[in-house]
Amino acid sequence: MTHRLLFLLGLAVLPWMARAQEKISGSWHGVLDAGQASLHMVFHLDTDEEGQDVCKMDVIEQNLKGFPVVVKYCGTDSLSLAVPLLGASYAGRLQAGLLSGNPDSSLSGGILPEHSLIVGKFHQHGYVFDLNLEPGSWEPRRPQTPKPPFDYQTEEVCFLAPDSARLCGTLTYPVGYKPGKRKKTPVVVLVSGSGQQDRDETIMSHKPFAVLADYLAEHGIASLRYDDRGKGASEGDPALTTTYTNMQDALAGINYLRQSRKFGPVGVIGHSEGGVIAFMIGAENQADFIVSMAGSAIPGDSILLTQNRMAFESMGQPDSLVDAYCAVLERVLDYRVSGQDVDSPRAVVDSLVAVCGAECLPLEARLNLSIVLGQESPWIDFFIAYDPAQAIAKVRCPVFALNGELDTQVLSSENLPVIESLLPPCPQNRVAAYPGLNHLFQHAVTGLSTEYSTIEETLSEEVLQDIADWINGLGTARR
């Protein structure tokens, strides 16, 4: 479980002030300094069909796009916005002043005046932050994202899940693919991490699966990446989805590839939850090889406890508060696993606080725990109760399990040794921890999720090369 920062991501106000006497419009962007993190925020100002002012907000670091904003006032020289769902607001005034400039930004949205700057304040939950907005939208640099024209072929495909949900994605053929040599061409199904992801596993403008598919294609390996249920072009209800459902969807992708008779060995590359799914598929003897990128080997409740502890510690919270929160969270997760009815989550949390001697927990922490306890989520229920160990012990195909040593979401020190000890002997197995890499396999400083958006690298070149080399070194499939 990840904790959304108290202060929402950065906003960028849509473009610019068109001409004198015209109201502020377009996209505007700025950086909010929230202490532990800098948030790039973008506001997109427009008018609807009825001529009413409307606005959407992006917060890059929190992967927030098109969040609804209420325009309280928009004039020629001032702006007032409200974000009721976040308990936030913004007010600013257009002033003459040189733009600060950002060589990494991409401005769009109209002709820029030489001097345009909205100087304002962002308010949330009693906190006030300076937030100055410059004309234009802001996009971080992502140099690894592949751009056409490609020297390989891609194909838009769809296949059916066991419940007949239509899943759609991109089938990427390797460079120089020839149907006559299809039996020698390995292919992989790419399985994303938790939450409903698009086929590129897009996060904070990074597109890890697009980068991975491109690299594999350049090195003789085909791939199928697809939109998760209810995302992009795929059907299905995300609210009813569990890790097991996602595993069945990945299996449907494997079956689609086998039935196409276009390729040789069929494998799985899964990231995070997808890494767990890769082990599940391997245990069912349905893959010729698997690559688990930051897949966990311990029960989900233990993963969540570790994630929460590290998140609180990274925010500088005192040990006593962190220990108290995690003690109550552990009881809350046990409560969920037990399946007991909860009429009043807040009352149950208060009782668990008393049992754990955690009276130091502030109101916001207790409310958060109440949400964890009371939220209806088949995915969470499955995740916290599932132990991957049994599946890992049943995998007979070759396995490449890898993790970054700076991963703060799935700790390599807690998971890779368990994976290595559980896997049945196989000379082609490989288990590797990469120094300096985070959960997304980027070179990082702290490994915290707050760094993801600020790092230009999407996937370590070393990891890309190792995955491709390992797959190509496996030889002919066992089937």
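Per-chain numbering applies: the sequence of each chain, read as written, is numbered from 1 onward. Side-chain atom pairs in this predicted model are given and counted only at pLDDT of 80 or more, local residue features only at pLDDT of at least 70, and totals for whole chains, interfaces and linings cover all residues. The basis for the side-chain values is all heavy atoms of the structure; hydrogens and waters are excluded.

(A) Region of the structure containing the packing of helix α2 (residues 243–260) against helix α3 (residues 273–283). Viewed as axis vectors pointing N to C, α2 and α3 meet at an angle of 65 degrees, and their least axial separation amounts to 10 Å. The orientation of α2 with respect to α3, classified from their angle, is roughly perpendicular. By crossing handedness, the relation of α2 to α3 is classed as right-handed. Facing α2, whose interface residues are T243, Y244, N246, M247, A250, L251 and I254, α3 presents E273, I277, M280 and I281. Here the nonpolar group is Ala, Val, Leu, Ile, Met, Phe, Trp, Tyr, Cys and Pro; Asp, Glu, Lys and Arg are the charged ones; every other residue, Gly included, is treated as polar. Considering only residue class, the contact of α2 with α3 consists of eight nonpolar, two polar and one charged. To get an axis, a line is fitted to the C-alpha atoms, and for a helix only the part in contact is used. The angle between two axes follows their N-to-C directions and goes from 0 to 180 degrees. Runs of E in the DSSP output that reach at least two residues are strands. Runs of H or I that reach at least four are helices, and both are numbered from the N terminus. Roughly parallel refers to an angle under 35 degrees, roughly antiparallel to one over 145, roughly perpendicular to one between 65 and 115, and oblique to any angle outside these ranges. Put simply, a crossing is left-handed when the front helix is turned counterclockwise from the back one by less than a right angle, and right-handed when it is turned clockwise. Whether two residues are in contact is decided by their heavy atoms, any of which lying within 4.5 Å being enough.

(B) Looking closely at unusual backbone geometry. Cis geometry marks the peptide bond from P148 to P149; its omega dihedral reads 5 degrees. Position of P149 relative to the elements: it lies in the loop between β9 (127–135) and β10 (154–160). With phi around 70 degrees, S205 is a residue other than glycine that occupies positive phi space. With respect to the helices and strands, S205 occurs in the loop between β12 (187–191) and α1 (208–218). Residue classification places S205 among the buried positions, given a relative accessible area of 17%. Exposure categories follow from relative accessible area, calculated using a 1.4 Å probe and restricted to protein chains: below 20% of the type maximum is buried, above 50% is exposed, and the middle band is partly exposed.

(C) Inspection of the pattern of salt bridges at higher detail. Whenever a carboxyl oxygen of Asp or Glu lies within 4 Å of a side-chain nitrogen of Lys or Arg, that contact is scored as a salt bridge. This model, assessed by the stated rule, comprises 17 salt bridges. Of the charged contacts in the structure, one is a salt bridge between K262 and E155, with a shortest N-O distance of 3.5 Å. Here K262 is found in the loop between α2 and β14 (266–271), whereas its partner E155 is found in strand β10, with 107 residues between them in sequence. Given the relative accessible area of 26%, K262 is considered partly exposed. Judged by relative accessible area, which is 29%, E155 ranks as partly exposed. Residues R366 and D350 are paired through a salt bridge, measuring 3.7 Å at the closest nitrogen-oxygen approach. One end of the pair, R366, is in helix α7 (residues 363–374); the other, D350, is in helix α6 (residues 345–356), and 16 residues separate them in sequence. Among the charged side chains, a network of salt bridges with common partners joins E156, R199 and D227.

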